Amino acid sequence: MITGAELFIKALKVEQVDTLFAYPGGQVIDIFDAIYDTDDINVILPRHEQGLIHAADGYARSTGKVGVCLVTSGPGATNLVTGIATANYDSVPLVCFTGQVSTELIGNDAFQEVDIVGITRSICKYAVTVRKRENLAEIIKKAFYIAKTGKPGVVVVDLPKDIQRAYGDDQYPNEIEIRGYKPNTSVHMGQIKKAVDALNHAEKPVFLIGGGVNISHAQKEMLQLAEITDVPVITTIMGKGAIPTNHRLYVGNIGIHGSYGANTAISQCDVLFSIGTRFNDRITGKIEKFASNASIIHVDIDPASISRNIAVDIPIVADAKKAICALIKKVQPLNISKWVKQIDNWKLQHPINMGKCGLTPEKIIHHINDVYNNAIITTDVGQNQLWTTQFLDLDENKQMLTSGGLGTMGYGFPAAIGAKIGNPKKDVVVISGDGGMQMNIQEMATAIVYELPITICILNNGYLGNVRQWQEMFFDKRYSSTCLRYRKSCAANCNNTDKDCPEYTPDFIKLAESYGAKGIRVTNESEIVPALMTAKDTKNIPTVIEFIIDREANVMPIVPPGNALDDMIIKREDR
């Protein structure tokens with residue numbers, strides 16, 4: 001006979017959990033006591049539960065393992081909510097254990113009691129409260145199975161305190177059967193044949209690749225499929241890296257800030273073969289004009305995603321990797337050289353280029369490409385994310401982690417911590433804005449105490465840059481609540497960006513040094529490479545590099561709201 005807390009530890013070991021991101025509290029103190037004598041689970045103590053779950057997310061995305069969280073009840077549990085939605089939107093397998101008051105107190109407004117199952121049910125794959133000690137093992141087994149099978153996602157398991165303390169048997173199941181949950185593991189060969197026939201008759205086909213290809217680890221197979229057929233490859237932000245970005249068939253990203261070549265190719269193709277994307281509004285533009293001349297084939301593991309946003313002609317419900325492997329056996333080279341040349345010409349005519357002298361995000365990211373050749377790069381959200389997805393080179397040795405579906409500021413830095421913990425031999429680089437960096441900056445202490453040599457690149461323009469750009473372009477430069485150098489003494493309704501503005505708060509270099517990290521400020525192009533090399537050579541502590549960039553630098557091109565993909569503003573002066 002063992003306690004529920006002891007069974008919890010046994011379950012983690014059977015599930016081969018080597019890292020647990022955890023924050024203690026009254027309603028999980030019994031589990032932490034059980035962990036105390038355990039040497040083969042690495043317990044990571046971040047400084048805030050939101051940082052904790054983003055770290056678990058980064059660990060899961062970068063390793064392919066299930067990320068595991070443990071927090072207490074009440075505020076501990078609610079602090080996970082943003083991270084649960086972030087991971088679930090991007091199909092990241094996480095199991096989040098939350099403490100709960102004893103079962104006899106549930107519903108009585110006890111201290112630090114919240115209905116975390118009710119709160120998270122709509123933003124996770126499955127949520128459950130354990131009501132009986134005899135069900136604990138089965139529920140934990142079910143949680144790991146659901147999180148990693150089918151379309152991966154987040155499972156929340158609520159653990160009342162009396163269940164943790166109660167004694168019961170020590171058996172943990174080897175397998176689990178869940179009535180009504182049967183993830184599709186096969187590929188419908190009839191639909192594959194239809195898709196191949198459509199591809200063979202195409203004159204202007206493209207592959208549109210989403211995050212599902214990266215989630216299923218099908219990058220090698222996707223490259224093989226593209227090279228056999230000679231079909232150009234366009235990616236969503238989440239699909240970037242599905243084939244090397246320097247490959248002759250890679251066109252670029254699609255969407256609001258997609259490349260001219262990619263957006264135009266989608267608008268003019270006659271067969272759109274999409275794999276692992278949800279067709280969200282960030283990539284489609286005006287739906288009525290999205291690939292309006294094309295037959296659309298859609299491969300996705302989630303049947304609910306097919307024809308939800310864009311009506312498709314040939315649906316294929318399947319895991320991306322299995323579908324691609326089936327396609328490889330059936331496809332043949334296509335005679336579409338004229339189409340490929342046309343796309344190449346579009347790329348040459350309108351390359352993504354910031355076209356400015358001085359310290360630009362483009363130059364910074366190009367130098368990151370050169371200095372880091374075996375790395376995981378995480379981004380925050382905003383302009384920093386968009387510039388990274390435009391200019392970052394990815395291949396089999398580089399991986400990019402970013403919050404796509406939810407667009408969560410504060411994601412990049414803690415995700416990098418989780419990625420570094422899961423991949424200690426790889427370089428890990430954060431690209432963040434000054435706004436997003438401050439949302440979870442307390443995790444600098446986590447990086448210090450776990451001796452993580454992460455390179456943190458802050459692109460500091462003194463604004464919440466993405467919103468400021470929209471205010472400039474579509475709201476007559478009315479910079480409402482986006483200036484981060486604002487002081488109470490500033491003039492009302494100011495849109496001034498000159499050097500007379502107040503000093504930025506905080507001083508990121510002094511703040512980094514106060515934590516025990518290295519801090520470097522870069523103000524001109526010649527300093528970029530020395531700063532990056534210093535960071536790369538620094539051991540056991542993170543390095544913060546603050547790049548002071550143009551305050552009104554914009555992400556271009558851009559598709560204005562309500563426009564079709566091929567109706568974009570290419571350059572700032574074109575608006």
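Before reading on, note that the structure itself is shown above.
Here's a quick rundown of the structure. (Residues numbered from 1 in each chain as written. Predicted model: local features only at pLDDT ≥ 70, side-chain atom pairs only at ≥ 80, totals over all residues. Heavy atoms only, no water.)

Looking at the sheet that holds strand β12 (residues 271-275)
Whenever strands of a sheet pair, they do so through backbone hydrogen bonds, lying parallel or antiparallel. The six strands lie next to each other as β11-β10-β9-β12-β13-β14, forming an open sheet whose pairing is parallel. Every other strand in the sheet has two partners, leaving β11 (250-253) and β14 (314-317) as the edge strands with one partner each. Averaged over neighbouring strand pairs, the angle between their axes works out to 15° when direction is ignored. As judged from the five bridges shared by strand β9 (residues 205-209) and β12, these two strands associate in the parallel manner. Across the sheet, residue Phe 207 finds its bridge partner in β12, namely Phe 273. Helix α11 (residues 219-229) rests against β9, β10 (233-235) and β12 of the sheet, and its axis sits at about 175° to β9. (Pairing = 2+ DSSP bridges. Helix = DSSP H or I, 4+ residues; strand = E, 2+ residues; numbered from the N terminus. Axes fitted to C-alpha atoms, helices over the stretch in contact; angles between N-to-C directions. Contact = heavy atoms within 4.5 Å.)

Quick notes on the nonpolar core
Core analysis: the largest hydrophobic core is formed by 65 residues, its most contacted members being Met 222, Ile 266, Leu 272, Ile 275 and Phe 290. Here the element with the most residues in this core is helix α14 (residues 320-328); it accounts for six residues. Beyond its immediate sequence surroundings of up to four residues, Leu 272 is in contact with Val 206, Leu 208, Ile 266, Phe 279, Phe 290, Ala 291, Ala 294, Ser 295, Ile 296 and Ile 297. Residues Phe 21, Cys 69, Ile 454 and Ile 458 belong to the second largest nonpolar core, which totals 48 residues. (Core = buried A, V, L, I, M, F, W, Y, C linked by side-chain atoms within 4.5 Å. Buried < 20%, exposed > 50% of the residue type's maximum accessible area, 1.4 Å probe, protein only.)

Description of the sheet that holds strand β15 (residues 375-379)
Reading across from one edge, β16-β15-β17-β18-β20-β19 is the order of the six strands in this open sheet, with parallel pairing throughout. Two strands lie at the open edges of the sheet, namely β16 (398-401) and β19 (518-522), each paired on one side alone. Taken pair by pair, the neighbouring strands of this sheet meet at an average axis angle of 20°, ignoring direction. Docked against the sheet, helix α22 (residues 508-515) engages β18 (455-460), β19 and β20 (543-548), running at close to 170° with respect to β19.

Concerning α14
Within an α-helix, residues lying three or four positions from one another point in the same direction, as the helix has 3.6 residues per turn. Among the residues making up α14, those that are buried are Ala 320, Ala 323, Ile 324, Ala 326, Leu 327 and Ile 328. On its buried face, α14 sits against α9 (189-200), α10 (211-215), α11, β12 and β13 (295-300). Of the residues flanking the start of α14, the one acting as N-cap is Asp 319, its side-chain oxygen 3.0 Å from the backbone nitrogen of Lys 321. (Polar contact = N/O pair within 3.5 Å; in protein donor to acceptor, adjacent residues only side chain to side chain.)

Examining α22
Considered for burial, the residues of α22 that qualify are Phe 508, Ile 509 and Ala 512. Projection of α22 onto a plane perpendicular to its axis shows the buried side chains occupying an angular sector of 100°, all on one side. Exposed residues on α22 whose side chains face more than 90 degrees from its buried face are Lys 510 and Ser 514. The secondary structure elements touched by the buried residues of α22 are α19 (434-437), β18, β19 and β20. For α22, the N-terminal capping position is held by Asp 507, with its side-chain oxygen 3.0 Å away from the main-chain nitrogen of Ile 509. (Arc of directions from axis to C-beta.)

Some remarks on the environment of Phe 32
Tracing the backbone shows Phe 32 in helix α2 (residues 29-35). Between the C-alpha atoms of Phe 32 and Ile 9, which are 23 residues apart in sequence, the distance is 9.6 Å. Here Phe 32 is in contact with Ala 22, Tyr 23, Pro 24 and Leu 70, once residues within four sequence places are set aside.

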